[in-house]
Structures are given as structure tokens and as C-alpha cells.
Amino acid sequence: MMASSTPSSLEHTMLAASEQVPIIVVAIYCGQFKIGLCQLSVTSEKNQNLVCARNSIKAAVECGARLVVLPEMWNCPYSNDYFAKFAEDFENEDASPTFSMLSEAACSHGITIVGGSVPESSDGRLYNTSCVFGPDGKLKAKHRKIHLFDIEIPGDITFKESDFFAAGDKPTIVDTDLATDKQLFNADVGRIGIGICHDIRFPELAALYRAKGARIICYPGAFNISTGELLWEVMQRARAADNQLFVATCSPSRDSSGSYAIWGHSTLVGPSGEIIATSGHEETVVVAEIDYSKIELQRKGLPLDKQKRADIYLS
Ligand SMILES: O=C(O)CCC(=O)C(=O)O
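Residues numbered from 1 in each chain as written. Predicted model: local features only at pLDDT ≥ 70, side-chain atom pairs only at ≥ 80, totals over all residues. Heavy atoms only, no water.

The chain appears in an unreviewed UniProt entry as Omega-amidase from Quercus suber.

As C-alpha cells, this is what we get:
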């Protein structure tokens, strides 16, 4: 269900805050649509996070974005102290301020929103969940993070996401309304795959999305400074190059006072593994053009799907 309107207190703050977000705009290809990656600053005030996200979506739309991606855990600090307190039940949409804001934003701007991820409570469990909304404000898909981030590297980083969250058990492919745009050249161009952060480490999920016709995989993420510096960019470029499609990632900005130091660097990668646009670790909106004809060019010139020797390594 679509939200009827934004609460007026939110509206007021939005106008006041909207000019402060730095924006990076990159347009390399004569592309077919623009994507916006809203690298948000996350605080322990949920309402402030909603306002910040709403402002950032507006800023992306004002730069022409038709597909907007938010970060992993953007309405809630990435800490066990907050997950349960901030969780919302999306089945009860009217009682979910996050659901209502995203639905209203998608509808009033007429865009598709990959709503990052937030803690979801359902049947007594918590999930790390991404909701996708269409231009009519309706929920199109819900992805629950499949691969939870459990890590223990002595002297470096210890984190056990499975202590707080249950894992999702389904891949998520969404046919967005971009698929029906006459300017685009075939029916599945609007098909996107969704993964959340640690999901990016699993090439099989990305390969499945390609096999099912996805042209872009969106990964809201919140890599930390330990693994992020080494691997965040590598993972994105590898998933894009392996599958000859676009990969878009969106992270929160770094909060040096928080317990989890976030790497940032929200990025759009093209189908040959090239970085099209990226950011640093500060609050930013990245807007970049996507030209899906690059996928066909890349796949024609380097037909990995035909060169694949499934007889050798998939049997
Ligand atoms: O896989 C990694 O190194 C980081 C993953 C992560 O930060 C997450 O899933 O939240």
C-alpha cells in the first residue's frame, strides 16, 4: 500500500536540510537512465535518518535519477544495541514509518527505489531486509539478506550478524518499470537482482541473477574499514565482469564515533568491470548514467556464456 503523504514535520526539516548534501554527478555514456546512490549519514535518531534519506532521494531525483538505491542499515546504527528497537514490521505498513516514507517518495517522484536495508521484525524474528518500491509507491519485492556476516579475525575484526538476525532463504529478482520503457531495447532490461552487503561475496548468487536476465545487481552494503579497503571495490568489479552486467552499491557514510567503522565508497560499475562513478566515505549522492547497450556490446565481443566449459567444472 502507498503512503498517503509525508508527515509535515518531516517535510519541513527536509526543505531546511536539502541543500547541504554534496552531490557527485557523472555522465559518461549517452545513457538511457540515471541511477542515484544515496550515501547517507546514519544517526541513533530514526526520524533524523528518515529525513536525511528523504532529502537525499529528492536530491538524486533533481539530478535526473529514475532508480535510487539507499545503503544497508540506513535507518538504524549498525549495532546490536539498536536492531530490535528500530525494527519495523512491513506487514503492518501503516505502522511502519520507513515503509511509508519510501512508498511516498517512490510515488511522488515516480521512480523505482531499492530501499537499502533496515531491520525487519516478522514472526518474532529479525531480518536484514531490503524493500523495493515502484513508481506507483507499491512494494515490488522484499529481499532478506541471505548470507549473514559472521567474521572472527583475531586482532582485527569480530562480528556475528547471525547472533541478531535470521537469514533470508530466497534470491530476489525484480522487474522494474524501466522494463516497459520504450526507449530501452528489450523486455528484460528493467530486471534487477538484489543482494545485501556480504551477499556480494558469493559469485553463485550473481551468476544466478545473470542467468535469470538481470541487467543490474544492486547491493546495499556497509563494508567496514578492515575488509572494505581490500575487497569492496574488487568484489563489485568481479561480480560485474564475471556476469557482464552493471553492479551498483550503496553504503552509509563513515561515522568515526560509531562502533562499526564503515568503508563507504558507493559505486556504479559497468559490464566490463569499469568503475563509472564512485564516492569517498563522506555523505554524498552519486548520480550516474546507465547505458544497457554496453552489456550487449560486451557480451557480443566477449561471449563468456558460450566460452564457459560447464562440462568440465559444473558436472
Ligand atoms: O563481507 C565483508 O567483508 C563485509 C560484509 C559486511 O560488512 C556486511 O555484510 O554487513
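### Looking at the confidence of the model for the chain
Note the cut-off: Confidence of the predictor at the level of single residues is captured by pLDDT, which takes values from 0 to 100. By the convention used here, residues are in contact when the closest approach between their heavy atoms is within 4.5 Å.
Within the chain, residue pLDDT values average 87, and 85% of them lie at 70 or more. The low-confidence segment residues 179-189, where pLDDT is below 50, has 20 contacts with residues more than four positions distant or belonging to other chains. Here the predicted complex scores 0.89 on pTM and 0.97 on ipTM.

### Some thoughts on the site of the ligand
The line we're drawing: Note on terminology: near, applied to a residue and a molecule or strand, indicates that one of the residue's heavy atoms is within 4 Å of it. Here a polar contact is taken to be a pair of N or O atoms separated by no more than 3.5 Å, where protein atoms must pair a possible hydrogen donor with a possible acceptor and residues adjacent in sequence count only if both atoms sit in side chains. Areas reported here follow the Shrake-Rupley algorithm with a probe of radius 1.4 Å; residue values treat only the protein chains shown as occluding.
Inspection of the region around the ligand gives Glu72, Tyr78, Lys145, Phe149, Cys197, His198, Arg201, Ala222, Phe223, Asn224, Thr227 and Tyr260 as its neighbouring residues. Contact distances for the ligand include 3.2 Å between an oxygen atom and a backbone N or O atom of alanine 222. Calculation on the ligand without its partners gives an accessible area of 290 Å², and the protein chains cover 100% of this total.

### What about unusual backbone geometry?
Short version of the rule: Here a helix means four or more residues in a row that DSSP labels H or I, a strand means two or more in a row labelled E, and each is numbered from the N terminus.
One non-glycine residue, cysteine 197, lies in positive phi territory at about 40°. Mapped onto the secondary structure, cysteine 197 falls in the loop between β11 (191-194) and α5 (203-211). Of note in the backbone geometry, histidine 265 takes a positive phi value of approximately 60° without being a glycine. Mapped onto the fold, histidine 265 is located in the loop between β13 (246-250) and β14 (267-269).

### Some remarks on the sheet that holds β14
What counts is decided by this rule: One bridge is not enough; two strands pair if DSSP finds at least two bridges between them. To obtain each axis, a line is fitted to C-alpha atoms, and for helices this fit is confined to the stretch in contact; angles are then taken between N-to-C directions over 0 to 180 degrees.
Here 6 strands make up an open sheet; going across it, the order is β10-β11-β12-β13-β14-β15 and the pairing mixed. Taken across any chain shown, the strands that pair with only one partner, and hence form the sheet edges, are β10 (172-175) and β15 (275-278). For this sheet, the mean inter-axis angle between neighbouring strands, taken without regard to orientation, is 20°. Of the pairings in the sheet, the one linking β14 to β15 comprises 3 bridges and is antiparallel in character. If you follow valine 269 over to β15, its bridge partner there is isoleucine 275. Each of β12 (216-220), β13, β14 and β15 touches helix α6 (residues 225-243); the most contacted strand, β13, lies at about 150° to it.

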